[in-house]
Amino acid sequence: MAHINPNFKKLPGSYLFSEIAQRTEAYRTAHPEARLIKMGIGDVTLPLVPSVIEAMHEAVDDLSRAESFHGYGPEQGYAFLRDAIVEHDFAARGIDIASDEVFVSDGAKSDCGNIVDLLDIDNVIAVCDPVYPVYVDSNAMAGRAGDYDVEAGRWTRIHYMPTTAENGFCPELPETPVDVIYLCSPNNPTGTVLSFEQLKRWVDYANEHDALIMFDAAYERFIVEKDVPHSIYEVEGAKRCAIEFRSFSKTAGFTGARCGYTVVPKELVRDGVSLRDLWNRRQCTKFNGASYVIQRGAAAIYTPQGEREIEQSLAYYRANAETIRTGLSEAGYQVYGAVSSPYAWVKTPDDMGSWDFFDQLLDRANVITTPGAGFGPSGEGYVRLTAFGNAEDTAEAVRRITQM
Ligand code: MLT
């Protein structure tokens, strides 16, 4: 008789963004006349830039000819993309990362979820609270999270680190030992960033305690503030304690095309084993590489023309973030983030619960947001708005909310 992984039975009903999609669909069915504006899931709306499209077309043509056809590619990614990543994302910032420490994939979400294959079941996992749900759910699926306490909205074996306005959105170092620490900067969902000094404290802590940092830098391209590291490897000693996740989704509109990468430095060793070698072993077994066409498209963003084009898209989303931040702040809302990030983290009025405010925004402003409570207990009392919509809709959503 086959038995299922019992940890799946412990998971709460559905993944956050599926739950929001269901609620929105129910509302749409009941109110077919409503013109809803989506500011919930962080999905991009601008098309892929011309350089990327051109490179993908050429790659399709490559596949049409025997002499340039590509079958299975390297599981780690093609050298043309890994080399471009190293040169532009790291060497250009004075960071010494080698191509064989870069693993191209179909996106940061997959890598963040899959990386837990490398972890011992007994590791204590620390996450910021609120938190991108993938870090927690993937560990819960592996049996590392304990049980889900529905009342408290938290897992019994996960170490939650409140990351709130009260501590300037920088989690305190844990007082009890933890083994694996997830950090995300610019942060999803709060839209805030960790300064160089703040990140250095974590790197030092991890090296002192032989802990491991999972650093999610998916929103790195949105950083405009000075003194904010674009990579954890800007901090001395990080190569001995950190894995970094990057994504082309928000950088270059690849949410549908799917491409990202993970850096696992050779210096990163635990229990006498190289994590780079383990991740390579894992990927070779379970993954056949991102598609050739998509990798060609991703490489095009590192050409001078591609770089200029994605910068225009990023500027468009940054302007939306500014519209949300200034519009809602002027109307009296407390707004965090949305400076070096496409996310605005907005305090609900009168301490209203975040699902209640979500419902109110949906019903009275026809604006879809993400309730903060869905990201963890400390997200209660907030909603998250994304800047990835089109500019007119973003301005209209802000107008509707402020007039509500
Ligand atoms: C989000 O809205 O938090 C993200 O778009 C979800 C994701 O990247 O998986």
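Everything below is about the structure printed above this text.
Since the structure is predicted, the reported quantities are computational estimates derived from the model, not experimental observations. (Residues numbered from 1 in each chain as written. Predicted model: local features only at pLDDT ≥ 70, side-chain atom pairs only at ≥ 80, totals over all residues. Heavy atoms only, no water.)

A. Structural view of the sheet that holds strand S9 (residues 242–247). Spatial ordering of the open sheet is given by S2-S10-S9-S8-S7-S3-S6, a layout of seven strands whose pairing is mixed. Each edge of the open sheet is held by one strand with a lone partner, namely strand S2 (102–105) and strand S6 (158–162). Taken over all neighbouring pairs, the strand axes of this sheet differ in orientation by 20° on average, direction set aside. Pairing analysis gives four bridges linking S9 to strand S10 (residues 260–263), with the strands arranged antiparallel. Looking across to S10, one finds that Arg246 is bridged to Tyr261. Helix H8 (residues 275–286) contacts S2, strand S8 (212–216), S9 and S10 of the sheet and is inclined by roughly 25° relative to S2. (Pairing = 2+ DSSP bridges. Helix = DSSP H or I, 4+ residues; strand = E, 2+ residues; numbered from the N terminus. Axes fitted to C-alpha atoms, helices over the stretch in contact; angles between N-to-C directions. Contact = heavy atoms within 4.5 Å.)

B. Looking closely at the nonpolar core. Formed by 54 residues in total, the largest nonpolar core has its most connected members in Ile181, Ile213 and Phe248. With sequence-adjacent residues up to four places away left out, Ile181 is seen in contact with Ala126, Met161, Trp202, Tyr205, Ala211, Leu212, Ile213 and Met214. Among the nonpolar cores identified, the runner-up in size contains 31 residues, and Phe103, Val127, Ala140 and Tyr160 belong to it. (Core = buried A, V, L, I, M, F, W, Y, C linked by side-chain atoms within 4.5 Å. Buried < 20%, exposed > 50% of the residue type's maximum accessible area, 1.4 Å probe, protein only.)

C. Representation of the environment of Pro349 within the structure. With respect to the helices and strands, Pro349 occurs in the loop between strand S14 (343–347) and helix H11 (354–365). Here Pro349 falls in the partly exposed class, since its relative accessible area comes to 27%. Taking the C-alpha atoms as reference points, Pro349 and Asn188, separated by 161 residues in sequence, lie 21 Å from one another.

D. Local environment of the pairing of S8. Summarising burial for S8: five of the five residues are buried, a large majority. Judged from the five bridges that link them, strand S7 (residues 180–184) and S8 form a sheet pairing that is parallel. When the bridges of S8 are listed, Ile181 appears paired with Ile213. Between the parallel elements S7 and S8, the chain passes through helix H6 (residues 196–209) in a crossover that is right-handed. (Right-handed = clockwise from strand over helix to strand, strands pointing away.)

E. Representation of the site of the ligand within the structure. Within the structure, the ligand sits among Phe17, Ile41, Gly42, Lys109, Tyr132, Asn188, Tyr219, Lys250, Tyr343 and Arg384. Contact between the ligand and Tyr132: an oxygen atom at 2.5 Å from a side-chain N or O atom of the residue. In the model, an oxygen atom of the ligand is placed 2.7 Å from a nitrogen or oxygen of the Arg384 side chain. When the ligand is considered free in solution it has 270 Å² of accessible area, and contact with the protein chains removes 86% of it. Partitioned by chemical class, the residues of the shell around the ligand number five nonpolar, two polar and three charged. (Near = heavy atom within 4 Å. Polar contact = N/O pair within 3.5 Å; in protein donor to acceptor, adjacent residues only side chain to side chain. Areas by Shrake-Rupley, 256 points an atom, 1.4 Å probe, with all protein chains shown as cover. Nonpolar A, V, L, I, M, F, W, Y, C, P; charged D, E, K, R; others polar.)

F. Main features of the pairing of S7. In terms of burial, S7 is a largely internal element, five of the five residues being buried. Every second residue of S7 is oriented toward a common face, with Val180, Tyr182 and Cys184 on one face and Ile181 and Leu183 on the other, all of them buried. In terms of strand pairing, strand S3 (residues 125–129) meets S7 through three bridges, oriented parallel. If you follow Ala126 over to S7, its bridge partner there is Ile181.

G. How the structure looks around the packing of helix H2 (residues 50–64) against helix H9 (residues 292–299). Two elements in contact, H2 and H9, have axes separated by 8 Å at closest approach and are oriented at 145°. Along this stretch, H2 crosses H9, giving a crossing that reads as right-handed. Counted together, Val52, Ala55, Met56, Ala59, Val60, Asp62 and Leu63 of H2 and Tyr292, Val293, Ile294, Arg296 and Gly297 of H9 form the full contact between these two elements. Tallied by class, the residues present in the contact of H2 with H9 amount to nine nonpolar, one polar and two charged. (Left-handed = near helix turned anticlockwise from the far one by under 90°.)

H. Spotlight on helix H1 (residues 16–30). Its 15 residues place the ends of H1 22 Å apart at the C-alpha level, agreeing with the 21 Å of an ideal helix rising 1.5 Å per residue. Three or more residues of H1 are buried, namely Leu16, Phe17, Ile20, Thr24 and Tyr27. One side of H1 holds all its buried residues, which, seen down the axis, span an arc of 85°. Facing away from the buried surface of H1 by more than 90 degrees, the exposed residues are Thr29 and Ala30. Lining the buried residues of H1 we find helix H5 (133–141), H11, strand S15 (367–368), strand S16 (370–371) and strand S17 (382–386). (Expected span 1.5 Å × (residues − 1). Arc of directions from axis to C-beta.)

I. Local environment of the environment of Val150. As for its placement among the helices and strands, Val150 is situated in the loop between strand S4 (148–149) and strand S5 (154–155). Here the alpha-carbon distance between Val150 and Asn188, two residues 38 residues apart in the chain, equals 23 Å.

J. Fine view of the pattern of salt bridges. Going through the model one piece at a time under the given rule, you end up with 22 salt bridges. A salt bridge links Glu25 to Arg28; its shortest N-O distance comes to 3.4 Å. One end of the pair is Glu25 and the other is Arg28, both in helix H1 and three residues apart, which spans about a single turn. Taken together, the shared-partner salt bridges connect Asp89, Glu220, Arg221, Glu244, Arg246 and Glu307 into one network. (Salt bridge = Lys/Arg side-chain N within 4 Å of Asp/Glu carboxyl O.)

K. Region of the structure containing the packing of aromatic side chains. All told, the structure shown has 23 aromatic pairs when counted by the stated rule. With centroids separated by 6.3 Å and ring planes inclined at 35°, the aromatic side chains of Tyr333 and Phe357 adopt a geometry described as tilted. With Tyr333 in the loop between helix H10 (304–330) and strand S13 (335–337) and Phe357 in helix H11, this pair connects stretches of sequence that are 24 residues apart. Taken as a pair, Tyr333 and Phe357 share a single burial class, namely buried. Taken together, the ring pairs in this structure connect Phe17, Phe169, Tyr336, Trp345, Phe375 and Tyr382 into an aromatic cluster. Here the guanidinium or amino end of Arg82 rests over the ring plane of Phe103, the centre of that ring lying 5.8 Å away. Above the plane of the ring of Tyr343 lies Arg384, whose end atom (NZ or CZ) is 3.8 Å from the centre. (Phe/Tyr/Trp six-rings, centres within 6.5 Å; stacked < 30°, edge-to-face > 60°. Lys NZ or Arg CZ within 6 Å of the ring centre and 35° of its normal.)

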